[in-house]
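One-letter residues, chain by chain:
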Amino acid sequence: KSRVQVDAKRLLPSTAGERCPDAPSLAAPGGLAVHSFAVQGDVLANSTGTHPVVDNDIFFEGCSEACDDCFANHLQACVAICHTGCQTYCKNSKAGIPGCAKNEFWSAMPGTNPRCTWDNNKETSCRRYRQCESKAEDGCPEAYLY
């Protein structure tokens, strides 16, 4: 399964009861329709050498991909978490290991940080949560590092 990102100017007005064929639709503000499409088949499968758990449904190869999917599904702010990756705040940090970006995987959830503390304990630290809408250091690393 793969996704395509569409900017706001390409969204189409939705009439009452109108749906894209064979695609789930979410109600969006302003009478717009947000549609979810999946690309099936072997063409895209394992072509990027991503982590084996990346399914583009729950786990994604990057923070922004997880955030985009979360927003599209819930139409609200989301927070992301790195399960395995190059950053020191990842649950399973591979920081400094060559090729670590090829084995990253992330997920995101709607809302704000769950209950956490501002300490260095990896399991309870608020530092591990990335604010999807932020372009600062508390956001996705691709927003401020690259």
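Above: the structure in question.
Q: What should I look at first to understand the state of the cysteines in this one?
A: In a disulfide, the sulfur atoms of two cysteines are held together by a covalent bond. Applying the stated criterion across every chain, the model contains six disulfides. One disulfide in the model links cysteine 70 with cysteine 78; its S-S distance is 2.1 Å. Given an S-S torsion of about -85 degrees, the disulfide between cysteine 70 and cysteine 78 has left-handed geometry. Taken individually, cysteine 70 and cysteine 78 each receive the classification buried, so the pair is uniform in this respect. In this model, cysteine 82 is linked to cysteine 90 through a disulfide, with the two sulfur atoms separated by 2.1 Å. When the S-S torsion is 90 degrees, as for the bridge of cysteine 82 with cysteine 90, the disulfide is right-handed.

Q: What should I look at first to understand the nonpolar core in this one?
A: Grouped burial of nonpolar side chains is what soluble globular proteins tend to show. Within the largest apolar cluster, 13 residues are counted, with the highest numbers of intra-cluster contacts made by Cys63, Cys67, Ala80, Cys82, Trp106 and Cys132. The set of elements that each furnish at least two residues to this core consists of helix H1 (63-74) and strand S3 (78-85). With four residues, H1 is the single largest residue contributor to this core.

Q: Got a minute to help me understand the pairing of S3 in this structure?
A: For a regular strand, side-chain orientation follows a simple rule: the groups alternate between the two sheet faces. Taking burial as the measure, the eight residues of S3 include eight buried ones, the bulk of the element. One ladder, built from six bridges, connects S3 with strand S5 (residues 105-110); its direction is antiparallel. Residue pairing across strands places alanine 80 opposite alanine 108, the latter belonging to S5. For S3 and strand S6 (residues 129-131), the ladder comprises three bridges, and the chain directions are antiparallel. Considered in S6, the bridge of isoleucine 81 is made with tyrosine 129.

Q: What exactly am I supposed to notice about unusual backbone geometry here?
A: Backbone geometry follows two general trends: most residues other than glycine have a negative phi, and most peptide bonds adopt the trans configuration. Notably, asparagine 56 is not glycine yet its phi reads approximately 55 degrees, a positive angle. Summarising the element assignment, asparagine 56 is placed in the loop between strand S2 (32-35) and H1. For leucine 75, which is not glycine, the phi torsion reads 50 degrees and is therefore positive. Among the structural elements, leucine 75 can be located in the loop between H1 and S3. Taking the relative accessible area as the measure of exposure, leucine 75 reaches 29% and is therefore partly exposed.

Procedures and definitions
- Residues numbered from 1 in each chain as written.
- Predicted model: local features only at pLDDT ≥ 70, side-chain atom pairs only at ≥ 80, totals over all residues.
- Heavy atoms only, no water.
- Disulfide = S-S within 2.5 Å.
- Buried < 20%, exposed > 50% of the residue type's maximum accessible area, 1.4 Å probe, protein only.
- Core = buried A, V, L, I, M, F, W, Y, C linked by side-chain atoms within 4.5 Å.
- Helix = DSSP H or I, 4+ residues; strand = E, 2+ residues; numbered from the N terminus.
- Pairing = 2+ DSSP bridges.

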